[in-house]
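# Overview (structure and organization)
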Amino acid sequence: MNNIKEQAYLATKEIIEKANLKAGNILVIGCSTSEVCGSKIGTDSVPEIGTMLVDAILSVLTPRGI
């Protein structure tokens, strides 16, 4: 699961760099924990993975004011 968190962290960094996001900008992200786990969307929800993803993403966005 740490790999998922690391990938979310790195993907978020890449998105804000490529999109040139700055403080005050808004980034909207949607995802399916079922798909993250390799299942069909809506068939294998895992709230703990959702929490892990949000924590990783916010750890990148919050310090930047995004």
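See the structure shown above.
First things first, this report covers the structure right here in the doc. All of these numbers come straight from a predicted model, not from anything done at the bench. (Residues numbered from 1 in each chain as written. Predicted model: local features only at pLDDT ≥ 70, side-chain atom pairs only at ≥ 80, totals over all residues. Heavy atoms only, no water.)

## Overview of the overall build of the protein
- Scanning the protein from N- to C-terminus turns up 3 helices and 0 strands.
- Ordered by position from N to C terminus, the α and β elements of the protein give α-α-α.
- Once the C-alpha set of the protein is aligned to its principal axes, its extents read approximately 35 × 20 × 15 Å.
- Of all intrachain contacts in the protein linking residues separated by at least 6 positions in sequence, the fraction that spans at least 24 positions is 60%. (Helix = DSSP H or I, 4+ residues; strand = E, 2+ residues; numbered from the N terminus. Contact = heavy atoms within 4.5 Å.)

## What about the side chain of threonine 12?
- Mapped onto the fold, threonine 12 is located in helix α1 (residues 2-18).
- Within polar-contact distance, the side chain of threonine 12 engages the backbone oxygen of alanine 8 at 2.7 Å.
- If near-sequence neighbours (up to four positions away) are discounted, threonine 12 is found in contact with Ile57, Val60 and Leu61. (Polar contact = N/O pair within 3.5 Å; in protein donor to acceptor, adjacent residues only side chain to side chain.)

## Notes on α1
- Across its 17 residues, α1 extends 24 Å between first and last C-alpha, which sits within 8% of the 24 Å expected from 1.5 Å per residue.
- Among all positions in α1, only Ala8, Thr12 and Ile16 are buried. The buried residues of α1 occupy one face: seen down the axis, they fall within an arc of 60°. Exposed and facing more than 90 degrees away from the buried side of α1 are Asn2, Glu17 and Lys18.
- Against the buried residues of α1 lie α3 (47-64). (Expected span 1.5 Å × (residues − 1). Buried < 20%, exposed > 50% of the residue type's maximum accessible area, 1.4 Å probe, protein only. Arc of directions from axis to C-beta.)

## As for the nonpolar core
- Judged by nonpolar contacts, Ala8, Ile16, Leu21, Val46, Ile49, Met52, Leu53, Ala56, Ile57, Val60, Leu61 and Ile66 together constitute the single largest core of 12 residues.
- Every element with two or more residues in this core is listed here: α1 and α3.
- Looking at which element gives the most residues to this core, the answer is α3, with 7 residues. (Core = buried A, V, L, I, M, F, W, Y, C linked by side-chain atoms within 4.5 Å.)

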